[in-house]
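Summary of the model geometry
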Amino acid sequence: MPQTLTPGDPAPALSLPLVGGGTWTLAEETPQTCTMIVVYRGLHCPICNTYLNKLQDRLEAFTQAGVNVIAITTDTADRATQAKTDWGLDALRMASDLTPAQASEWGLWLSQSINENEAQIFAEPGLFWVLPDGRLYLADVANMPFARPDLDLLLARTGAIAKGYPPRGTYTG
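Residues numbered from 1 in each chain as written. Predicted model: local features only at pLDDT ≥ 70, side-chain atom pairs only at ≥ 80, totals over all residues. Heavy atoms only, no water.

**A few points about a nonpolar patch on the surface**
Together, I47, M144 and F146 make up an exposed nonpolar region whose accessible area comes to about 290 Å². Topologically, M144 is positioned in the loop between β9 (136-141) and α5 (151-156). (Patch = residues over 30% accessible without salt bridge, like charges linked within 9 Å, V, L, I, M, F, W, Y side chains within 5 Å. Areas by Shrake-Rupley, 256 points an atom, 1.4 Å probe, with all protein chains shown as cover. Salt bridge = Lys/Arg side-chain N within 4 Å of Asp/Glu carboxyl O. Helix = DSSP H or I, 4+ residues; strand = E, 2+ residues; numbered from the N terminus.)

Here it is, written out as structure tokens:
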């Protein structure tokens, strides 16, 4: 069962292999505004293809807004590499091999394959903003492939961080 993250708390540690070589580590990110982590289901998902291409189309605008962007998946390196190539995502940083345990730590829903194109176990979509100091600012997770945050709305709201708008959803009773 996924755990619930609390905005304003430190984000879970995360380090994954990058498609094309090297390692991406959240703690080493130095964004001006935030790091945006986009979790996609995997190579089997046509909605992920469309969403990540929209993200790549807006990548320069996110970068200009001080946002470091990465797309991550539970897919293997081979499948993530194929997605990057087949989907034409040459400008987007992508990482693979998110484990089910890591996905659960981030509050993501996990699914089991229902056809031969899907990985046996994979994470459903999620999108997170992590502040430069490592605290979680925004968390959006879905249990279905077609529930995704609007990228243009997110882009338009990146300035809220600089204006001091606090993380919301912090009340725990």
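**Observations concerning the nonpolar core**
Counting residues in hydrophobic clusters, the biggest one holds 29 residues, and the most contacted among them are M36, Y40, L52, L55 and L92. Every element with two or more residues in this core is listed here: β3 (34-39), α1 (46-57), α2 (59-64), β4 (67-72), α3 (77-86), β8 (126-130) and α5. For this core, the element with the most residues is α1, which contributes four residues. Setting aside chain neighbours within four positions, we find L55 in contact with M36, V38, F62, V69, L92 and L151. By size, the runner-up hydrophobic cluster in this structure holds 19 residues, among which are L16, I70, A103 and F128. (Core = buried A, V, L, I, M, F, W, Y, C linked by side-chain atoms within 4.5 Å. Buried < 20%, exposed > 50% of the residue type's maximum accessible area, 1.4 Å probe, protein only. Contact = heavy atoms within 4.5 Å.)

**Details of the environment of M36**
On the secondary structure map, M36 appears in strand β3. M36 gets classed as buried once you look at its relative accessible area, which sits at 0%. For M36 and N143, which are 107 residues apart along the polypeptide, the C-alpha to C-alpha distance reads 19 Å. When neighbours within four sequence positions are excluded, M36 is seen to be in contact with L55, F62, V67, N68, V69, I70, L127, F128, W129 and L154.

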